[in-house]
Amino acid sequence: MSSNISVSVSKGCFAYKGKSRKAKYIDYLHLEDDKYVKNRMKLYDNLWDDLQVHIDILRADLNSQIFEDLITFTSTCHKDRYTLNGRFIGEIPTAVLITGVNTPDHGVMFSNLNSMFKARVTPLVARIMSKDCSRVSMLVASVVQQLTDITVSLDDDELCAEAAGLENESILENTPVKLKKNIRHKKAVNMSTLVKWYGKTYSDSAVSTLAQIREKTTSPCKKKCGNSEVKTKVVENESSKKKPLVILMLEDSENISSNVLQDFILLCSSYLSSLPIVLVLGIATAVTAIHQLLPTSVSSLLCMEKFHAPPASRYLTQLMDKIIMTSDLPFKLGPKVFHFLLDIFLYHDFSITNFIAGFKYSMTEHFLSNPLSLLCCYETDIANTVSRLTHSQLEDLRRHSAFMKYVEGTPGHEQIKLITDDNVTKIKISEQLQAMHDLHTRKFPSMRFLHCLGLNLPKHPLGKQIRELYSTCLSESVCESEGYKQTFNFLRIMCCDDLHDVLGLCLNTISEVKISEVRNLYNDVEKFRYRLKHLDEEMEDSEHENIQSEVRILPQRAKLHELKEKLQLISSSRKKSPYECLRDEILNSLDNHFRNLLQCPMTHPLHEIFYFNDVSAIRDHIKAAPRCSIQHALSQPGKYLSCSCCQCDAESILPSMPDVCIVYKLHLECGTLVNLYDWLQAFVVVISSKGTDMKKPTKASKTPSLEHRARFIRAVAELQFLGFVKATQRKTDHVTRLTW
C-alpha cells in the first residue's frame, strides 16, 4: 500500500436489544394486592367489545347520508364536461365538506370517507394533510406518491449531496479499500409525471382489457327474456370502460398556506383536460374561509358544492339516547363523572372521540379499582355470576364500604346472616342486582316521556336536551327539582287541545315498551286523552254552589284586610269547569307515576356496583394540567423516578437529584431576574457537597470546572425549553423568571 494514500477503518458497536415484546394490560395489574382484578378485567373486555360494536354502527348510520351524497357527487361530477360546441369546461369539481370545529373527530371521518371512495368510486384517492403542504412541490410529491407509489423527489440540498457522492465515487475507484455506497436514484415527480402515468396505466386499450377480465371473472347470468337485464349489462360495460377519477382530499384546508393552495389549484386546472380531478376540501368553519384563502381569479376555477357533516351535538344526543341511557349496558356514569365529561365536551373540545375515550377510561377505572364491579353484569347473567362467587370473593365484597353500609341499613337479625352465611348473602345480592336492573328498565322510558312533556314549554324548565334531564335524575330526585315544579305549573295553564296533543306525542315515546309499570302509565294517559276528546260527557261539579252565592256578595264598606280575605275565599272556592277538574286529575296521576318510576339511583343500596362516581381518579388523566405536573416532577423527582436517593420534601435540595431539578429549585429563591453567575455558584455548591440535605447553599470558593459549567448550561437550557425562564435584553448576564 502506498504511503500517500490514507486508509480509514471504522468500527461500529451495535447494541442487541433482543426480541421486541408488546406490552399487555395484564403486566400493569397489581395481582399481589387484588387477586380478583384479572376476572374483573375479563368482564370489562366483554362489555367494552359489545359497546364498541354499537358505537361503530351508530357512527356509520350518522354519517351514511353525507357519505352517500359525496359518493353521488364525485361519481357524476365529470359527466357532460363538454359544451355543445365541443369546448371543455375548465372548472374543477369541488366538494366543500363543512366538518365543524370538533377537530379530533375529523381523522375518523376522512378515514372512513377514504375507504368508501376507494371501494365505490375510484382506487385513485389521495388524502393530504396540512403538514405535507408547506410547499407546492411537497404537496404534489405527496399526491403522486399516494396515487402511483413513486418515491418522493429529493430536495435541492440532497441532489447536491448525491452529485458530490458520484464525484467521490470516481475518486475512490483507485483506492485499495473499496467503500460500498449504494446511491438510491429517486425520480423527480410532478404533475406531468402523474399525467403520463395515468395515460399509460389507464389508456383505452388497458381499460378495455381490464373490462374483459372483469367480465370473465364474474359469474354468468341466467338468460331471461326481459329487456331490463340487457340494459343493465350495457350500463355495466360502459361504466367498466370509463377511466377512473382522481380524488384529492385536503383534510384541513384552512391550515394550508394560501399561496400553496392557489398554485396547486392552478396546476390542477391546467391538467384537468387530461386528468379527471375531483377536490374534496375539509372546512371547519364556513365556506367563506375558502374565499378568504383564494382570490376571485382562483376560486372561479372551482365548481363548488357544499356538504354539511352532522354536528357533534347531534352525535352526542344519539350516543346517549341509544347507548348510554339504555338498560342494556350495566355500567353507568355517576353524576360527578357525567358532569365532568359533559363539561369537557361542551366547553373545551366538542369531540365525540374524546368523550368516548373518557367514558372508556372511566369504565376501566371502575373495573380496576372497585371490587364490587365483579357483579356489574347483564341482567341475564345475574344468576350465573352470583352462583360462581366463592367464599373468598364474598369476604372481599363484604369488606367493601358500600356493602358494609348496606348491612347497617338492614334489620339486626339479618345483619349477622349477611356477614356469616354465604347463601343469604348471594340471595340478597341477587335481589339488589335485579332491583337495579328493573330501575333502569323503567327509568329511561319514563324519562323520555317526561322530556317530551316539557320539551315545548316556555323557557324549557327541564332543558332542551334529554341529557340535561338525565343529569338531574342522577343528582337528585327529579320530582323535587325546581324544573319539574315549573313544568307542572305550565301544564296547569295549558288549554285542552294543546294538552291533548302533548300527551299524544308523549305516548309515542313509550308505545313499544312492554314493562308493566310503564304500560300502566301508557293506559292511564290513553284514557285521559279519550276523556279530553269527549269533554262534553264530563259531569259538572256543583259542590260549592251554595257557598258561591254567599261569598260573592261583598259588603259595601269593609276594611282592607277583610276585603282581602273575602277575595281569597272567592278564588279558592270558585267553581271549577269540567276541563279544569280533568286537568288536575291528569297532572296528579302523572305526578304519582313519575314519583314511582323516576327514583334517584344513587339512593339505592349497592349502586356502587354499576355507577362510577370517583371524579378525582380520572380528572388528572383526562383533563391534565401539564405545567402543574412538570412543577411537581421537578420539585419531587423521587416519586416519578422511584429513586430512594432522591426522596425528600419540596423545599429540600439533594446533590443526587437530576441537574434540572436542582436548577429549578434554586431559581425559585430568586425574583424576576436571575443572575446567572450566582445561580451557577449555588449549583456548584449543591452538586459538590457530600451532605444528604441542603436547605441554604453557601457560595463556592473555587472557580467552577468545565464539567460543572456544561452541566449547568444544559440544565438551564432544559428549563428554558420547559418555559420557566427566558433570556432578557435588560441585563446580559441575567434571565427572566416566567413562573411564580
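Residues numbered from 1 in each chain as written. Predicted model: local features only at pLDDT ≥ 70, side-chain atom pairs only at ≥ 80, totals over all residues. Heavy atoms only, no water.

Some thoughts on the state of the cysteines
Scanning the model with the defined rule gives 0 disulfides in all. Cysteine 77 provides the cysteine sulfur closest to cysteine 303, a residue in no disulfide bond, and the two sulfurs are 8.7 Å apart. The class for cysteine 303 is partly exposed, based on a relative accessible area of 36%. Sulfur of cysteine 377: no disulfide; nearest cysteine sulfur belongs to cysteine 376 and is 7.3 Å away. (Disulfide = S-S within 2.5 Å. Buried < 20%, exposed > 50% of the residue type's maximum accessible area, 1.4 Å probe, protein only.)

Regarding the confidence of the model for the chain
The share of residues in the chain with pLDDT of 70 or more is 78%, and the mean pLDDT across the chain is 80. Mean pLDDT values over the elements of the chain span from 37, in helix H7 (residues 228-240), up to 94, in strand S7 (residues 611-612). Considering only residues more than four positions removed or in separate chains, one finds that residues 541-551, a stretch of pLDDT under 50, has 9 contacts. (pLDDT = per-residue confidence, 0-100. Helix = DSSP H or I, 4+ residues; strand = E, 2+ residues; numbered from the N terminus. Contact = heavy atoms within 4.5 Å.)

Some thoughts on the pattern of salt bridges
The final tally for this structure, using the stated rule, is 12 salt bridges. The partner of aspartate 396 in a salt bridge is arginine 399, and the shortest N-O contact between them spans 3.9 Å. The partner of aspartate 659 in a salt bridge is arginine 711, with the nearest N and O atoms 2.8 Å apart. Highlighted residues: aspartate 659 in helix H29 (residues 659-667) and arginine 711 in helix H31 (residues 706-721), separated in sequence by 52 residues. (Salt bridge = Lys/Arg side-chain N within 4 Å of Asp/Glu carboxyl O.)

Some thoughts on the packing of aromatic side chains
Geometry of an aromatic ring pair is reported as the spacing of the ring centres plus the angle between the planes. Overall, the coordinates contain 16 aromatic pairs when judged by the stated rule. With a centroid separation of 6.1 Å and an interplanar angle of 40°, the aromatic rings of phenylalanine 444 and tyrosine 470 are classed as tilted. Of this pair, phenylalanine 444 sits in helix H18 (residues 422-453) while tyrosine 470 sits in helix H19 (residues 466-475), placing them 26 residues apart in sequence. Judged by relative accessible area, which is 2%, phenylalanine 444 ranks as buried. Tyrosine 470 gets classed as buried once you look at its relative accessible area, which sits at 0%. (Phe/Tyr/Trp six-rings, centres within 6.5 Å; stacked < 30°, edge-to-face > 60°.)

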